[in-house]
Amino acid sequence: MNTITSLANPPVPSPRKHPSPPLGLVATIFTVLFIAGLYPVTTFGGQPHFPGPWEPAQTLVAFFQMRPTAVLICAFLQFGSAVALGIFTASAVSRLHFLGVRAAGAHIALFGGLATALNIMASSCVLWVMAYPGIAQDAGVLRALYYLVFIFGGPGFSVPLGLLLAGISIPAAFMKLLPRWIVVLGLVLAVIGELSWLDMVVPQALFLIPLTRFPAFVWLIAAGFSLPRDIAPASAAAI
């Protein structure tokens, strides 16, 4: 009798779970570290604040001579944020593959996310050099290093970040892996991120960089918490 019952009601296999760090938490850590790194060098952390690329050379020199500790803290925290972004990228792409994504978008996301993380690291390393005793006294060297920080942390951040957002959003849209508003926001930010490339030849396009960066923090956290971690047994068998 028990055998007949078990045949009539076979056990339901449990869903497979993707073995990876919690994406939403990793995205939150990235965001917190990056923004915490900005705090010491903005007006909230004291005066003078981090100069813009349009500032004269004497303003650049004055800031780095007067606030090397703030620059060092910024470099330290943002270097750590790059590690978190790299972990998020690798884990998110692995999850897309686990969920059945075979399109090129996942590989584009991998390229974009790792390029963003590496550029943040490069920017942080150059900042660390600029905070080193004696560097700020050489105005010519300091200004050259400053523009390296800007290109790595400006277009070097927003352009590949746009690829990460697009690379996740497009396959997620086709496979209905993310809510519609997250997909739409990701695609809009991806377009803005690619347009921020114009800043390299059109300085007036500078605003596109923060317009990509800060909303993207919200997107990464939302997508990280929303991207499914489980896969149904029938789907798992088909992969």
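Conventions we followed
- Residues numbered from 1 in each chain as written.
- Predicted model: local features only at pLDDT ≥ 70, side-chain atom pairs only at ≥ 80, totals over all residues.
- Heavy atoms only, no water.
- Helix = DSSP H or I, 4+ residues; strand = E, 2+ residues; numbered from the N terminus.
- Buried < 20%, exposed > 50% of the residue type's maximum accessible area, 1.4 Å probe, protein only.
- Contact = heavy atoms within 4.5 Å.
- Areas by Shrake-Rupley, 256 points an atom, 1.4 Å probe, with all protein chains shown as cover.
- Lys, Arg positive; Asp, Glu negative; His and termini not counted.
- Charge placed at Lys NZ, Arg CZ, Asp CG, Glu CD.
- Patch = residues over 30% accessible without salt bridge, like charges linked within 9 Å, V, L, I, M, F, W, Y side chains within 5 Å.
- Salt bridge = Lys/Arg side-chain N within 4 Å of Asp/Glu carboxyl O.
- Core = buried A, V, L, I, M, F, W, Y, C linked by side-chain atoms within 4.5 Å.
- Axes fitted to C-alpha atoms, helices over the stretch in contact; angles between N-to-C directions.
- Parallel < 35°, antiparallel > 145°, perpendicular 65-115°, else oblique.
- Left-handed = near helix turned anticlockwise from the far one by under 90°.
- Nonpolar A, V, L, I, M, F, W, Y, C, P; charged D, E, K, R; others polar.
- Polar contact = N/O pair within 3.5 Å; in protein donor to acceptor, adjacent residues only side chain to side chain.
- Expected span 1.5 Å × (residues − 1).
- Phe/Tyr/Trp six-rings, centres within 6.5 Å; stacked < 30°, edge-to-face > 60°.
- Lys NZ or Arg CZ within 6 Å of the ring centre and 35° of its normal.
- pLDDT = per-residue confidence, 0-100.

### Some remarks on the overall build of the protein
Here is step 1 of the chain: For the protein, the count of helices and strands is 10 helices and 2 strands.
Here is step 2 of the chain: Helices (α) and strands (β) of the protein occur, in sequence order from the N terminus, as α-β-α-α-α-α-α-α-α-α-β-α.
Here is step 3 of the chain: With the C-alpha coordinates aligned to their principal axes, the bounding extent of the protein is approximately 90 × 35 × 25 Å.
Here is step 4 of the chain: Looking at the protein as a whole, 45% of its 239 residues qualify as buried.
Here is step 5 of the chain: Excluding contacts between residues fewer than 6 apart, the proportion of contacts in the protein whose partners are at least 24 apart in sequence is 78%.
Here is step 6 of the chain: Summing over all exposed atoms, the protein offers an accessible surface of approximately 11900 Å²; the carbon and sulfur share of this is 75%.
Here is step 7 of the chain: The protein carries 10 positive and 5 negative side-chain charges, and their two centres are separated by 18 Å.

### Notes on a nonpolar patch on the surface
Here is step 1 of the chain: Where nonpolar side chains cluster on the molecular surface, the patch consists of Val191, Leu195, Trp197, Leu198, Met200, Val201 and Val202 and spans about 710 Å² of accessible area.
Here is step 2 of the chain: Looking at the element boundaries, Leu198 is found in the loop between helix 8 (180-195) and helix 9 (208-226).

### Digging into the nonpolar core
Here is step 1 of the chain: In this structure, Phe30, Leu165, Ile168, Leu178, Trp219 and Leu220 are the most contacted members of the largest nonpolar core, which totals 40 residues.
Here is step 2 of the chain: Contributions of two or more residues to this core are made by helix 2 (23-38), helix 4 (68-98), helix 5 (105-131), helix 7 (155-174), helix 8 and helix 9.
Here is step 3 of the chain: Setting aside its immediate chain neighbours within four residues, Leu178 contacts Ile168, Ala172, Val183, Trp219, Ala223, Ser226 and Leu227.
Here is step 4 of the chain: By size, the runner-up hydrophobic cluster in this structure holds 18 residues, among which are Val61, Phe64, Ala75 and Leu145.

### With respect to the packing of helix 4 against helix 5
Here is step 1 of the chain: As a packed pair, helix 4 and helix 5 sit with axes 8 Å apart at the nearest point and diverge in direction by 165°. For the element pair helix 4 / helix 5, the angle class is roughly antiparallel. Crossing of helix 4 over helix 5 shows left-handed handedness.
Here is step 2 of the chain: Looking at the contact of helix 4 with helix 5, its residues break down into 23 nonpolar, 9 polar and no charged.

### Some words on the side chain of Ser124
Here is step 1 of the chain: Note that Ser124 resides in helix 5.
Here is step 2 of the chain: Only 3.3 Å separates the side chain of Ser124 from the backbone nitrogen of Phe79, close enough to count as a polar contact.
Here is step 3 of the chain: When neighbours within four sequence positions are excluded, Ser124 is seen to be in contact with Ala75, Gln78 and Phe79.

### A few points about helix 8
The periodicity of an α-helix, 3.6 residues per turn, causes residues three or four positions apart to be oriented the same way.
Here is step 1 of the chain: Under the 1.5 Å per step criterion, the end-to-end length of helix 8 is 23 Å for 16 residues, consistent within 8% with the ideal 22 Å.
Here is step 2 of the chain: Here helix 8 has its buried residues at Ile182, Val183, Gly186, Leu189, Ala190, Ile192 and Gly193.
Here is step 3 of the chain: Considering only its buried residues, helix 8 is in contact with helix 7 and helix 9.

### Quick notes on the packing of aromatic side chains
Here is step 1 of the chain: Enumeration over the complete set of coordinates arrives at 12 aromatic pairs.
Here is step 2 of the chain: Here Phe50 and Phe64 contribute two aromatic rings whose centre-to-centre distance is 5.7 Å and whose plane-to-plane angle is 80°, an arrangement assigned as edge-to-face. Separated by 14 residues along the polypeptide, Phe50 in the loop between helix 2 and helix 3 (57-66) and Phe64 in helix 3 bring together distant segments of the chain.
Here is step 3 of the chain: A connected cluster of aromatic rings, assembled from ring pairs, spans Phe30, Phe34, Phe157, Phe214 and Phe217.
Here is step 4 of the chain: Positioned above the aromatic ring of Phe157, the side-chain terminus of Arg213 is 4.6 Å from the ring centre.

### Some points on the confidence of the model for the protein
Here is step 1 of the chain: Of the residues in the protein, 90% have a pLDDT of 70 or more, and the chain-wide mean is 88.
Here is step 2 of the chain: Ranking the elements of the protein by mean pLDDT puts helix 10 (residues 233-238) last with 40 and helix 8 first with 97.
Here is step 3 of the chain: Considering only residues more than four positions removed or in separate chains, one finds that residues 1-8, a stretch of pLDDT under 50, has 0 contacts.
Here is step 4 of the chain: Under a pLDDT of 50 for its full length, residues 233-239 has, in the predicted model, 10 contacts with residues more than four places off or in other chains.

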